[in-house]
Amino acid sequence: MKRLSHTLLKNAKGGFCSGGGFKRIRITIGQPHIMNQTNLYTYIVHKKTNTECWKCNETITPKQQDTKMGLAELTCPHCQAIQPIGRLEQMYTYFDLFGLDDYNVKEDNLRSRMLTLQKQYHPDKFISADAKQQKVASDISTWINTAYKQLNNIHIRYYYIVCLEKQLDYTLDMDHLANVKMEPTFLMDMMKARSTIENANADEQKDLLKEYQIMVVQTIGELQDLLEQKLYDDMLIKLAELRYYQRNVEKLEKALGPQFATDEYED
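Reading guide: rules and limits
- Residues numbered from 1 in each chain as written.
- Predicted model: local features only at pLDDT ≥ 70, side-chain atom pairs only at ≥ 80, totals over all residues.
- Heavy atoms only, no water.
- Core = buried A, V, L, I, M, F, W, Y, C linked by side-chain atoms within 4.5 Å.
- Buried < 20%, exposed > 50% of the residue type's maximum accessible area, 1.4 Å probe, protein only.
- Helix = DSSP H or I, 4+ residues; strand = E, 2+ residues; numbered from the N terminus.
- Polar contact = N/O pair within 3.5 Å; in protein donor to acceptor, adjacent residues only side chain to side chain.
- Axes fitted to C-alpha atoms, helices over the stretch in contact; angles between N-to-C directions.
- Parallel < 35°, antiparallel > 145°, perpendicular 65-115°, else oblique.
- Left-handed = near helix turned anticlockwise from the far one by under 90°.
- Nonpolar A, V, L, I, M, F, W, Y, C, P; charged D, E, K, R; others polar.
- pLDDT = per-residue confidence, 0-100.
- Contact = heavy atoms within 4.5 Å.

## Regarding the nonpolar core
Line of reasoning, step 1. Core analysis: the biggest nonpolar cluster contains 69 residues, and L74, F95, F98, I140, Y158 and Y212 have the highest contact counts within it.
Line of reasoning, step 2. For this core, the elements supplying multiple residues, two or more each, are helix 1 (85-91), helix 2 (94-97), helix 3 (107-120), helix 4 (131-151), helix 5 (154-166), helix 6 (184-199), helix 7 (202-228) and helix 8 (232-256).
Line of reasoning, step 3. Top element by residues in this core is helix 8. It accounts for 10 residues.

## Quick word on the side chain of D96
Line of reasoning, step 1. With respect to the helices and strands, D96 occurs in helix 2.
Line of reasoning, step 2. A distance of 3.0 Å separates a polar atom in the side chain of D96 from the backbone nitrogen of T93.

## What about the packing of helix 7 against helix 8?
Line of reasoning, step 1. Here helix 7 crosses helix 8 at 160°, and the two axes come no closer than 9 Å. Taken together, the axis directions place helix 7 and helix 8 in an arrangement best described as roughly antiparallel. As helix 7 runs across helix 8, the sense of the crossing is left-handed.
Line of reasoning, step 2. In terms of residue class, the contact of helix 7 with helix 8 is made up of 19 nonpolar, five polar and five charged.

## Points about the confidence of the model for the chain
Line of reasoning, step 1. Mean pLDDT over the chain stands at 81; residues scoring 70 or higher make up 79%.
Line of reasoning, step 2. At the level of individual helices and strands, the chain shows its lowest average pLDDT in helix 1, which scores 91, and its highest in helix 7, which scores 95.
Line of reasoning, step 3. The low-confidence segment residues 1-44 (pLDDT under 50) makes 130 contacts with residues lying over four places distant or belonging to another chain.

## Quick notes on unusual backbone geometry
Line of reasoning, step 1. For Q167, which is not glycine, the phi torsion reads 55° and is therefore positive.
Line of reasoning, step 2. Structurally, Q167 is set in the loop between helix 5 and helix 6.
Line of reasoning, step 3. Look at M174: it is not a glycine, yet its phi comes out positive at around 55°.
Line of reasoning, step 4. Position of M174 among the secondary structure elements: in the loop between helix 5 and helix 6.

Written as structure tokens, this is what we have:
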């Protein structure tokens, strides 16, 4: 399945065109119809851990650039050597990297910040540097792109936030969700859903796809509400539920064909 997109449905009350087609409109997470306009700045977990430059051995303090975007400074202030990812990850979260002051990520803003960082630290700018700095610059370019993709994916971003707030080790496979205690009734419903999907005819599968797409959108809104209330354990449960819904969407899209595939759930 493509990564989920909230450009999908208007709402649960019927955002579909007649004839079984889909009516796609953008649902922007973080707007008034989903959450109060609360300043989420206090939710940001900045690492702010000093590190040592690999080249000159001087201490490096995490610092945002003195620009409007406030992007993270990735070079040593003493010798200007670009720093390896391992050291940078000790100093900065992905939100720090892009100079974001809150958890409400907007696609155009995030993309603009990503492109600015890529331009600043593009490997071509280190063509005259030593071999190690050239390798580090290449790794940094990949790291920036990875951070952008992960923050731009709603499901991954919420999981990343929970890991930051609960100080859990973060991995892209979301291994902490495997330890979430789900309600038995929910698990039973998902088992029944699997059987229903497998035995449904094409028209029934279309209806089921619509239902699960709505569930995905509603769950994303619930995650935003839980984040506002700082209920991180509840967010883990909701993220686990979301993964079940996404898998059902994937199964139905595969059964129905590519014309029913949804857009990616990104901001």
